[in-house]
Amino acid sequence: MKYFLAIIGGGPAGYTAAEMASKAGKDVVLFEQNALGGTCLNVGCIPTKSLLYGAKQYYNATHAQKYGVSAENVAFDFQAMQKRKTIVVRKLVAGIKQRLNNAHCTVVNGAATVLPSAEGVEEGRLISCNGETYEAENLMICTGSTNFVPPIPGIKDNPNVWDSTDALAAAELPKSIIIVGGGVIGMEFATLYHELGVAVTVIEAMDTILPNLDQAVVQILLDKYRKTEINILTSTKVEEIRNEGEQSVKVKANGEWYEAQKVLVSVGRRANLQGLEALSGLEMNRGAIVVDEFMKTSLPNVYACGDVTGKIMLAHVASRQAEVAVGRMLKQIPLQRIAYNAIPSVVYTNPEIASVGLSEQQVRDFYTEMEGAAGLEKAGGVETFYEVHSLPMTFSGRFMAENDGETGLCKMIVDSRNKTVLGVHCIGNPCSEFIAAAGFAVRNGYTLPEFRQVVFPHPTVSEILHEVIG
Ligand code: NAD
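Each value, and the rule that gives it
Residues numbered from 1 in each chain as written. Predicted model: local features only at pLDDT ≥ 70, side-chain atom pairs only at ≥ 80, totals over all residues. Heavy atoms only, no water. Helix = DSSP H or I, 4+ residues; strand = E, 2+ residues; numbered from the N terminus. Rg over C-alpha atoms; globule rule 2.2 N^0.38 Å. Contact = heavy atoms within 4.5 Å. Areas by Shrake-Rupley, 256 points an atom, 1.4 Å probe, with all protein chains shown as cover. Lys, Arg positive; Asp, Glu negative; His and termini not counted. Charge placed at Lys NZ, Arg CZ, Asp CG, Glu CD. Pairing = 2+ DSSP bridges. Salt bridge = Lys/Arg side-chain N within 4 Å of Asp/Glu carboxyl O. Buried < 20%, exposed > 50% of the residue type's maximum accessible area, 1.4 Å probe, protein only. Domains from an automatic or database assignment. Buried area = accessible area lost by both parts, 1.4 Å probe. Polar contact = N/O pair within 3.5 Å; in protein donor to acceptor, adjacent residues only side chain to side chain.

1. Examining the overall build of the protein chain
For step 1, the next point in the chain: Each helix and strand in the protein chain was counted, giving 13 helices and 24 strands.
For step 2, the next point in the chain: Taking 470 residues into account, the globule formula puts the C-alpha radius of gyration at 23 Å, and the protein chain, at 24 Å, falls close to it.
For step 3, the next point in the chain: Over its C-alpha atoms, taken along the principal directions, the protein chain stretches across nearly 70 × 65 × 45 Å.
For step 4, the next point in the chain: A fraction of 63% describes how many contacts in the protein chain between residues 6 or more apart in sequence connect residues 24 or more apart.
For step 5, the next point in the chain: Summed over all atoms, the accessible surface of the protein chain reaches about 22300 Å², with 51% contributed by carbon and sulfur.
For step 6, the next point in the chain: Charged side chains in the protein chain number 41 positive and 50 negative. The centres of these two groups are separated by 3 Å.

See the structure below:
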């Protein structure tokens, strides 16, 4: 049988594409070597959020006095939290399986390998899995990414050094942990461990944590976390890791030694390319597959979506890329594209950070490059090209009612010539739940007067998006 579409990888990109193409009446085969759902469902977003929610419940219970509630003998059971996490993951994976079954998609459990092109068959049309050969008109590579292991002496095959997958699987909490990398994974795990009473040190090579986010928002998190005694070291490079017995590990950074029970390394992820070796004509850039705006690779009828493209490593980007790719494959009119300028992102620290669109620094960089030194001088400085509207979250009544002792921030970047909303950056719970509203504004190019007409329900923290416009 010749399939219309063969998909390698059953994460958010792969299962979205499989369901969409199958529902359109096409014969689809999806290969997955582990569980359906990929990193996000099995060892990423969902298990992390399950554990973080447990930690937040415990933290809130032990900090409830400010709301007039006292609770004695509050305790947590980490193994019970882990058990609940596993149940949540299992249910969601079963849900994906059911959806693919309902759509009549063929799912093959095994590691797929693309075969070299045969006579009369173009590159990327033959796939081998579990000893069988499959032929397809189109191939979609959704193989995802794995944790990057930097070349630090003592890091490799060290049982005291975890990646995020090891940390999620651990049966017991460490008493202390050093987290190498203050990016998204690093700061989410710092939050989890801190709220469960683990002594946390974060070591970040750059001069700030979460370097890709708007720094006004990051500063608020930094100030809070430093006060709560999470030890955050920036501009600090790890030079060596050395075990001190079975339960202790030392990390040398900027010449100083730091000690903990475990080390978690979260310094980025790299594309998974195993099984694709036969695709000799596949154009690559810095270890990731190059794709066009419809997720087409340099090979005809070969598409790639998700982390393997090295674009933005987020599950919701992967699934949107899959929709665009399948739409193109099915020759659907109008052809859709991805609005990369309006991808919301969230960091599940406490408080949460949520953003969409350009940061102030990105707007400054853009105009500095476009205008050049002479243009900036003539205009009176780069600041004349954009406006910043910002307010503490405490301007929201609901935020005040529910976030005692927190200030938060909502910052909106607006183009000063046409008043278009370029980006929104928030810190404060639960901003992850309303950043999509700001995403609509950025995606649709709303101006401030247009966005001002949007009515937000009262009392909700989302009203801050209305208040910040002024
Ligand atoms: P990241 O790129 O977000 O952060 C890595 C951090 O490590 C950076 O701050 C970098 O400066 C630092 N670093 C690099 N080398 C270092 C070294 N030798 N010593 C110290 N610091 C070093 O990567 P991540 O946190 O590993 O996350 C991987 C991907 O997964 C990201 O693209 C992220 O967006 C995604 N992710 C998203 C979510 C979410 O949406 N909530 C959650 C987890 C992961």
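2. Focus: the sheet that holds strand E9 (residues 176-180)
For step 1, the next point in the chain: If you trace the five strands from one edge of the open sheet to the other, you get E8-E15-E9-E10-E11, paired in parallel fashion. Each edge of the sheet is formed by a strand with only one pairing partner; in this case those strands are strand E8 (161-162) and strand E11 (231-233).
For step 2, the next point in the chain: The sheet contact formed by E9 and strand E15 (residues 262-265) spans four bridges and is parallel. Across the sheet, residue Val180 finds its bridge partner in E15, namely Val265.

3. Focus: unusual backbone geometry
For step 1, the next point in the chain: Of note, the amide linkage connecting Ile333 to Pro334 takes the cis form, showing an omega dihedral of -5 degrees.
For step 2, the next point in the chain: Here Pro334 lies in the loop between helix H8 (315-329) and strand E20 (345-347).
For step 3, the next point in the chain: Note that the residue after Asn429, namely Pro430, is joined by a cis bond; omega there is -5 degrees.
For step 4, the next point in the chain: Look at His104: it is not a glycine, yet its phi comes out positive at around 65 degrees.

4. Focus: the pattern of salt bridges
For step 1, the next point in the chain: If you walk through the whole model with that rule in mind, you get 14 salt bridges.
For step 2, the next point in the chain: In this structure, Glu188 engages Lys49 in a salt bridge whose closest nitrogen and oxygen atoms are separated by 2.8 Å. Residue Glu188 is located in helix H6 (residues 184-195), and its partner Lys49 is located in helix H3 (residues 45-62); the two are separated by 139 residues in the primary sequence.
For step 3, the next point in the chain: For Glu188, a relative accessible area of 7% corresponds to the buried category.
For step 4, the next point in the chain: Lys411 is the salt-bridge partner of Asp214, the closest N and O atoms lying 2.9 Å from each other. Of this pair, Asp214 sits in the loop between strand E10 (199-203) and helix H7 (215-227) while Lys411 is found in strand E23 (residues 409-415), placing the two residues 197 residues apart along the sequence.
For step 5, the next point in the chain: Asp214 sits in the buried class, given a relative accessible area of 5%.
For step 6, the next point in the chain: When salt bridges that share partners are traced, they join Glu19, Lys23 and Arg99 into one network.

5. Overview of the domain arrangement of the protein chain
For step 1, the next point in the chain: Taken domain by domain, the protein chain holds domain 1 (2-146 + 270-338), domain 2 (161-267) and domain 3 (342-467).
For step 2, the next point in the chain: Each of domain 1 and domain 3 was reduced to a C-alpha centroid, and the two centroids are 30 Å apart.
For step 3, the next point in the chain: Contacts between the two partners involve eleven residues from domain 1 and, on the opposite side, eleven residues from domain 3.
For step 4, the next point in the chain: Interface area for domain 1 against domain 3, summed over the two sides, is near 830 Å², with a carbon-plus-sulfur share of 59%.
For step 5, the next point in the chain: For the pair domain 1 and domain 3, the number of links is zero salt bridges.
For step 6, the next point in the chain: At the boundary of domain 1 with domain 3, the tally comes to four residue pairs in polar contact (both at pLDDT 80 or more).
For step 7, the next point in the chain: Only H3 and H8 provide two or more residues apiece to the side of domain 1 that touches domain 3.
For step 8, the next point in the chain: Residue contributions to the side of domain 1 that touches domain 3 peak at four residues, all from H3.

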